[in-house]
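Structural overview
Each chain, letter by letter, is given below.
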Amino acid sequence: MPESEILKNYIKNGDVVGICVSGGLDSKTVALRLRLAGVKVKCFTADIGQPDEEDINDIVTKMAPCGVETIIVDLKNEIAEAAMEAVACKASYDG
């Protein structure tokens with residue numbers, strides 16, 4: 001697969017590329033391929049109190065084999081505030 005000019009520039013400049021990850025196959029594949037291409041990668045995931053994650057820190061464990069740093073960003077207060085603003089604006093959800 002030919003290398004992207006953008007990736008070449010990231011590598012040449014020593015840039016760090018941040019990506020949002022869930023810990024799933026797609027996240028791990030992208031993080032690993034970037035790292036193996038020589039790109040410095042930093043991963044982020046948002047903790048918004050999602051009910052399908054028993055332990056949000058499991059995402060760090062899932063990403064570890066890719067050799068990338070993963071940071072959990074606690075956004076529960078921010079998502080709660082946004083939800084209250086949406087309710088105050090009489091937002092509705094159809095689906």
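Up top is the structure these notes are about.
Residues numbered from 1 in each chain as written. Predicted model: local features only at pLDDT ≥ 70, side-chain atom pairs only at ≥ 80, totals over all residues. Heavy atoms only, no water.

**Overview of a nonpolar patch on the surface**
Where nonpolar side chains cluster on the molecular surface, the patch consists of I6, Y10 and I11 and spans about 250 Å² of accessible area. Residue position: I6 is located in helix α1 (residues 5-13). I6 sits in the exposed class, given a relative accessible area of 54%. (Patch = residues over 30% accessible without salt bridge, like charges linked within 9 Å, V, L, I, M, F, W, Y side chains within 5 Å. Areas by Shrake-Rupley, 256 points an atom, 1.4 Å probe, with all protein chains shown as cover. Salt bridge = Lys/Arg side-chain N within 4 Å of Asp/Glu carboxyl O. Helix = DSSP H or I, 4+ residues; strand = E, 2+ residues; numbered from the N terminus. Buried < 20%, exposed > 50% of the residue type's maximum accessible area, 1.4 Å probe, protein only.)

**Quick word on α1**
For α1, the capping residue at the N-terminal end is S4, with a side-chain oxygen 3.1 Å from the backbone nitrogen of I6. Backbone geometry just downstream of α1 places G14 in the positive-phi region, at approximately 70°. (Polar contact = N/O pair within 3.5 Å; in protein donor to acceptor, adjacent residues only side chain to side chain.)

**Some words on the nonpolar core**
Of all hydrophobic cores here, the largest spans 13 residues; its most connected members are I19, V21, A31, V41, C43, M63 and V68. For this core, the secondary-structure elements that each account for two or more residues are β1 (16-20), α2 (25-36), β2 (40-47) and α3 (58-63). Every residue in contact with V68, bar those within four places of it in the chain, is listed here: A31, R35, V41, C43 and M63. (Core = buried A, V, L, I, M, F, W, Y, C linked by side-chain atoms within 4.5 Å. Contact = heavy atoms within 4.5 Å.)

**Quick word on the sheet that holds β1**
Sheet architecture is open: three strands sit in the order β1-β2-β3, paired in parallel fashion. Sheet topology places β1 and β3 (69-74) at the edges, where each strand pairs with a single neighbour. Within the sheet, the average angular offset between the axes of one strand and its neighbour, ignoring direction, is 30°. As paired elements, β2 and β3 share six bridges and run parallel to each other. Across the sheet, A46 pairs through a bridge with V73, a residue of β3. (Pairing = 2+ DSSP bridges. Axes fitted to C-alpha atoms, helices over the stretch in contact; angles between N-to-C directions.)

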